[in-house]
Amino acid sequence: MEAEVAVVGAGPAGLIAAREAARRGAHVLVLEEHEQVGLPVECAGLLSLRGLRAIGLRPDGRFVLNKFRAAVFYSPSGLQLRVEAPEPVACVVDRHQLDLALADMAVSAGAELMLGRQVRRARVKPGCVELRGPWGSARAELVVVAEGFRSRLVWQLGLRTLDWRRVLPSSQVEIRAPGLEDDCVEVHLGRRVAPGLFAWAIPLGDGRARVGLACRGVDPRRMLRVFLKRRFGLRGVRTPYSGSVLVCGPIPKTYSERALVVGDAAGQAKPTTGGGVVLGGMCASIAGRVAAGAVREGDCSEGALRAYELAWRRLLGAEFSAMLKLRRLLDRMPDGLLDALFKLASELGLPSRVHEVADMDFQSSLLRNLPKLLLPRPG
């Protein structure tokens, strides 16, 4: 089994990289360990509409379940800040259907998708990368590692892996929650709710909601049961462990000889929220273009593939850095100070103006424009 570009992992990042490389004429093989694309689902599925467009998806696709124009943030003591926009800015998606849509795009572009192909070993040889698993082996001129945060191939290829101290366990359930506003997401902060991150409630538009949290140092299932009882009056809800949230930021280096690393495997998720579909997808798009160019030019050396890292860091490096600093600041902030900041923001009227400058994916825009928000409106 041979290809020019082998992509390991058929999540959003892998499929976007495959799509972009195949569109540019590369012979692309996608190897996915599971028997179905998009399963199991380990994602809250809240994405910005602008971000969907940035990764080549329509915000009215079949995978969109509901759209939002507002969010309410709750402080540790229950203070509320409501942020609204005139039109919807975000949506919740069916991740299974979203991944299937991306798979259709990659296959339509010419990529070959093979399911049930777990890759356990990657080895660079003269002229190729050899990939091995229980199913056999494959050879490619270049490999794109997109197998998620549990990647074993990253260190096999000589690269540093994620900082596991900043990978948080999470738990999520879908419940009946008819009292929620259909077009408004809830975010609950505080060490008693979810130390290390936050809890969320995302309406699905049909009386149901995805409710979950990620935290540090405690069992997320237990914390979620407490939250469900307090917020919704629910008892005895089964809260299975459902995944992990990355707040570590990108790994130091995302390329080596004949290899590129994208998505969660590269830590390309927002340190503030753990969301990685959009920013990871943007990086994967760059990786696909660089991979296609490398095999076309016959140069898959480490020096040639450095173009990938330079490009994504030029686009998003400052953003990841700003969000990582903000996450570390929030981690150190006591609940009392967070309550005081909520009260101050409310007194200054900031929530009514945040939509003018905020961006779900490029969150440093809010920090850069904070002085503008503090100034009185002209007239």
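Residues numbered from 1 in each chain as written. Predicted model: local features only at pLDDT ≥ 70, side-chain atom pairs only at ≥ 80, totals over all residues. Heavy atoms only, no water.

Engineer: Hey, could you go over the environment of serine 151 for me, with residue numbers and the actual values?
Structural biologist: With respect to the helices and strands, serine 151 occurs in the loop between strand E11 (136-145) and helix H4 (153-156). Along the primary structure serine 151 and valine 89 are separated by 62 residues, whereas in three dimensions their C-alpha atoms are 32 Å apart. In this structure, serine 151 is in contact with Val145 and Ala265, ignoring residues within four places of it in sequence. At 2.5 Å, the side chain of serine 151 and the side chain of glutamate 147 are in polar contact. (Helix = DSSP H or I, 4+ residues; strand = E, 2+ residues; numbered from the N terminus. Contact = heavy atoms within 4.5 Å. Polar contact = N/O pair within 3.5 Å; in protein donor to acceptor, adjacent residues only side chain to side chain.)

Engineer: Which residues make up the packing of helix H1 (residues 12-23) against helix H6 (residues 277-297), and what values go with them?
Structural biologist: At their nearest, the axes of H1 and H6 sit 7 Å apart, and the two run at 35 degrees to each other. By crossing handedness, the relation of H1 to H6 is classed as right-handed. On H6, the residues touching Pro12, Ala13, Ile16, Ala17, Glu20 and Ala21 of H1 are Val277, Gly280, Gly281, Ala284, Ser285, Gly288, Arg289 and Ala292. Its residues assigned to classes, the contact of H1 with H6 shows 8 nonpolar, 4 polar and 2 charged. (Axes fitted to C-alpha atoms, helices over the stretch in contact; angles between N-to-C directions. Left-handed = near helix turned anticlockwise from the far one by under 90°. Nonpolar A, V, L, I, M, F, W, Y, C, P; charged D, E, K, R; others polar.)

Engineer: Quick one: what's the story with H6, residue by residue and with numbers?
Structural biologist: Relative to the 30 Å expected for 21 residues at 1.5 Å per residue, H6 spans 30 Å between its end C-alpha atoms, a close match to the ideal helical length. H6 sits mainly inside the fold: 18 of its 21 residues count as buried. Following H6 by one or two positions, glycine 298 adopts a phi angle in the positive range, close to 70 degrees. (Expected span 1.5 Å × (residues − 1). Buried < 20%, exposed > 50% of the residue type's maximum accessible area, 1.4 Å probe, protein only.)

Engineer: Break down the sheet that holds strand E16 (residues 241-246) for me, citing the residues and quoting the values.
Structural biologist: In any sheet, the strands associate via hydrogen bonds between backbone groups, in a parallel or an antiparallel arrangement. What the 7 strands build is an open sheet, ordered E6-E5-E13-E14-E15-E12-E16; its pairing is mixed. The outermost strands of the open sheet, each flanked by one partner alone, are strand E6 (80-84) and E16. Mean inter-strand twist for the sheet, computed between neighbouring axes without regard to direction, equals 20 degrees. The pairing of strand E13 (residues 184-188) with strand E14 (residues 199-203) spans 3 bridges and is classified as antiparallel. From the neighbouring strand, glutamate 186 faces E14, where its bridge partner is alanine 201. Across the sheet, helix H5 (residues 220-232) is in contact with strand E12 (167-176), E13, E14, strand E15 (208-214) and E16; its angle to E12 comes to roughly 40 degrees. (Pairing = 2+ DSSP bridges.)

Engineer: Now, about the sheet that holds strand E7 (residues 90-93): what can you tell me, with residues and values included?
Structural biologist: An order of E3-E7-E4 is seen for the 3 strands of this open sheet, with the pairing classed as antiparallel. Of all strands in the sheet, those bounded by a partner on one side alone are strand E3 (46-48) and strand E4 (64-68). Ignoring strand direction, the axes of neighbouring strands in this sheet form an average angle of 30 degrees. Two strands pair when backbone bridges link them, and E4 and E7 are joined in this way by 4 bridges, in the antiparallel orientation. Opposite valine 64, over in E7, you have valine 93 as the bridge partner.

Engineer: Give me the lowdown on the side chain of histidine 188, citing residues and values where you can.
Structural biologist: Within the fold, histidine 188 resides in strand E13. Judged by relative accessible area, which is 4%, histidine 188 ranks as buried.

Engineer: Residues and numbers for the packing of aromatic side chains, please.
Structural biologist: Applying the stated criterion across every chain yields a total of 4 aromatic pairs. Each ring, one from phenylalanine 149 and one from tryptophan 164, has its centre 5.6 Å from the other, and the planes form 55 degrees; the classification is tilted. With phenylalanine 149 in the loop between E11 and H4 and tryptophan 164 in the loop between H4 and E12, this residue pair connects regions lying 15 residues apart in the sequence. A relative accessible area of 48% means that tryptophan 164 is categorised as partly exposed. Here arginine 231 stacks its cationic end above the ring of phenylalanine 232, 4.8 Å away from the centre of that ring. Sitting over the ring of tyrosine 255, lysine 253 keeps its end group 4.9 Å from the ring centre. (Phe/Tyr/Trp six-rings, centres within 6.5 Å; stacked < 30°, edge-to-face > 60°. Lys NZ or Arg CZ within 6 Å of the ring centre and 35° of its normal.)

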